[in-house]
Amino acid sequence: YSELEAEKASVESKLQDRIESHNAEVESMRENLTHMQTKLTDAESQSAALKAEMERHIDGLKTELDASHAKSIDLESSLAAEREASAAKYSELEAEKTSFEAE
């Protein structure tokens, strides 16, 4: 009977050791999972921040491009007006020259 008690105690001890070992592995896996989830959350936050920064930068560049395009159109319009004014002045001077030569 005492041999059975000793064997039972040995088996229970081994089982308890295995349970504790398994529980330690599970706890280690849980800690690793928590660590990886934290890293993933951090990476997602960094990614979102970088994406937002890039979108702001792109929006800024689009705004600059639009402003540059508008300025280009204004300059072309001003140049056309200057050409028209120059042509009118040239015609006026030519008319004065012709009138002066006729006198």
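Just so it is clear, the structure is predicted and the values come from calculations on it, not from any experiment.

Some words on the overall build of the protein chain
And then number 1: Looking only at helices and strands, one finds one helix and zero strands in the protein chain.
And then number 2: Relative to a compact globule of 103 residues, whose C-alpha radius of gyration would be 13 Å, the protein chain shows 44 Å and is clearly more extended.
And then number 3: Overall, the protein chain is about 150 × 10 × 10 Å in size when its C-alpha atoms are taken along their principal axes.
And then number 4: Burial analysis of the protein chain (103 residues in total) assigns 0% to the buried set.
And then number 5: Charged side chains in the protein chain number 12 positive and 25 negative. The centres of these two groups are separated by 3 Å.

What to know about the pattern of salt bridges
And then number 1: Summed over all chains, the structure comprises two salt bridges.
And then number 2: Note that Glu-27 and Arg-30 form a salt bridge whose closest N and O atoms lie 3.2 Å from each other. Placement of the pair is Glu-27 and Arg-30 together in helix H1 (residues 2–102), with a separation of three residues, close to one helical turn.
And then number 3: For Glu-27, a relative accessible area of 35% translates into the label partly exposed.
And then number 4: For Lys-89, the salt bridge is made with Glu-92, and the minimal N-O distance between the two is 3.9 Å. With Lys-89 and Glu-92 both in helix H1, this residue pair falls three residues apart, about one helical turn.
And then number 5: Judged by its relative accessible area of 45%, Lys-89 falls in the partly exposed class.
And then number 6: A residue is classified by how much of its surface remains accessible, and Glu-92, at 41% relative accessible area, is partly exposed.

Conventions we followed
- Residues numbered from 1 in each chain as written.
- Predicted model: local features only at pLDDT ≥ 70, side-chain atom pairs only at ≥ 80, totals over all residues.
- Heavy atoms only, no water.
- Helix = DSSP H or I, 4+ residues; strand = E, 2+ residues; numbered from the N terminus.
- Rg over C-alpha atoms; globule rule 2.2 N^0.38 Å.
- Buried < 20%, exposed > 50% of the residue type's maximum accessible area, 1.4 Å probe, protein only.
- Lys, Arg positive; Asp, Glu negative; His and termini not counted.
- Charge placed at Lys NZ, Arg CZ, Asp CG, Glu CD.
- Salt bridge = Lys/Arg side-chain N within 4 Å of Asp/Glu carboxyl O.

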